[in-house]
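Architecture and fold: a report
Here's the letter readout for the chains.
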Amino acid sequence: QVQLVESGGGFVQPGESLRLSCAASGSISSMYVMGWYRQAPGKERELVATITSGGVTVYTNSVKDRFTISRDNAKYTVLLKMNSLKPEDTAVYYCNARRPSFIAVDYWGQGTQVTVAS
């Protein structure tokens, strides 16, 4: 089993930055695709960014010019640097680990709250 623990969320004003961290443990593999998803009140969970073990990244359009995802395979951590935060970024952010196979298996953290408001 894989355990994921997020940290770094908080309350910030528009235009400020935050860095989210995710620590993975258990039966984690460096080959897993790591990512961040978010869910705002009343909305469905959406992809924010993913990164493969080789460093290939994918971002949703609304964050691709402001957020940066990175990972340290040796430490089994994944980071999300969020710049120029907007109120619409307010959500619970979840760390995700996906086992690559013909049928993907996903593992999730408990989430960390990010609130962007004046």
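See above for the structure.
I will try to describe carefully the structure that is included in this document. Here the structure is a predicted model, which is why all the values come from computation and not from measurement.

**A closer look at the overall build of the chain**
Regarding its fold elements, the chain presents 0 helices and 11 strands. Counted from the first residue to the last, the chain has its helices and strands arranged as β-β-β-β-β-β-β-β-β-β-β. Over its C-alpha atoms the chain spans a radius of gyration of 14 Å, differing by no more than 12% from the 13 Å that the globule rule assigns to 118 residues. Its C-alpha atoms give the chain principal-axis dimensions of about 40 × 25 × 25 Å. Counted over contacts in the chain with a minimum sequence separation of 6, partners at least 24 positions apart contribute 54%. Carbon together with sulfur atoms contributes 50% to the accessible area of the chain, which is approximately 6400 Å² in total. Taking the 12 positively charged and 9 negatively charged side chains of the chain as two groups, their mean positions are separated by 4 Å.

**Describing the nonpolar core**
Formed by 29 residues in total, the largest nonpolar core has its most connected members in Leu4, Met34, Trp36, Leu80, Met82 and Tyr93. Among the elements of the structure, β1 (2-7), β3 (18-26), β4 (33-39), β5 (46-51), β7 (67-72), β8 (77-82), β9 (91-99) and β11 (112-116) are those that each provide at least two residues to this core. In contact with Met82, other than residues within four places in its own chain, are Glu16, Ser17, Leu18, Leu20, Arg66, Phe67, Tyr93 and Val114.

**Here we look at the packing of aromatic side chains**
Counted under the stated rule, the structure contains 2 aromatic pairs. Between Tyr32 and Tyr107, the aromatic rings sit 6.2 Å apart at their centres with planes inclined by 15°, giving stacked as the arrangement. Taken together, the positions of Tyr32 in the loop between β3 and β4 and Tyr107 in strand β10 (residues 105-108) put the pair 75 residues apart, joining distant regions of the chain. The interplanar angle of 70° and the centroid separation of 5.0 Å between the aromatic rings of Tyr37 and Trp108 together place this pair among those described as edge-to-face.

The rules behind these values
- Residues numbered from 1 in each chain as written.
- Predicted model: local features only at pLDDT ≥ 70, side-chain atom pairs only at ≥ 80, totals over all residues.
- Heavy atoms only, no water.
- Helix = DSSP H or I, 4+ residues; strand = E, 2+ residues; numbered from the N terminus.
- Rg over C-alpha atoms; globule rule 2.2 N^0.38 Å.
- Contact = heavy atoms within 4.5 Å.
- Areas by Shrake-Rupley, 256 points an atom, 1.4 Å probe, with all protein chains shown as cover.
- Lys, Arg positive; Asp, Glu negative; His and termini not counted.
- Charge placed at Lys NZ, Arg CZ, Asp CG, Glu CD.
- Core = buried A, V, L, I, M, F, W, Y, C linked by side-chain atoms within 4.5 Å.
- Buried < 20%, exposed > 50% of the residue type's maximum accessible area, 1.4 Å probe, protein only.
- Phe/Tyr/Trp six-rings, centres within 6.5 Å; stacked < 30°, edge-to-face > 60°.

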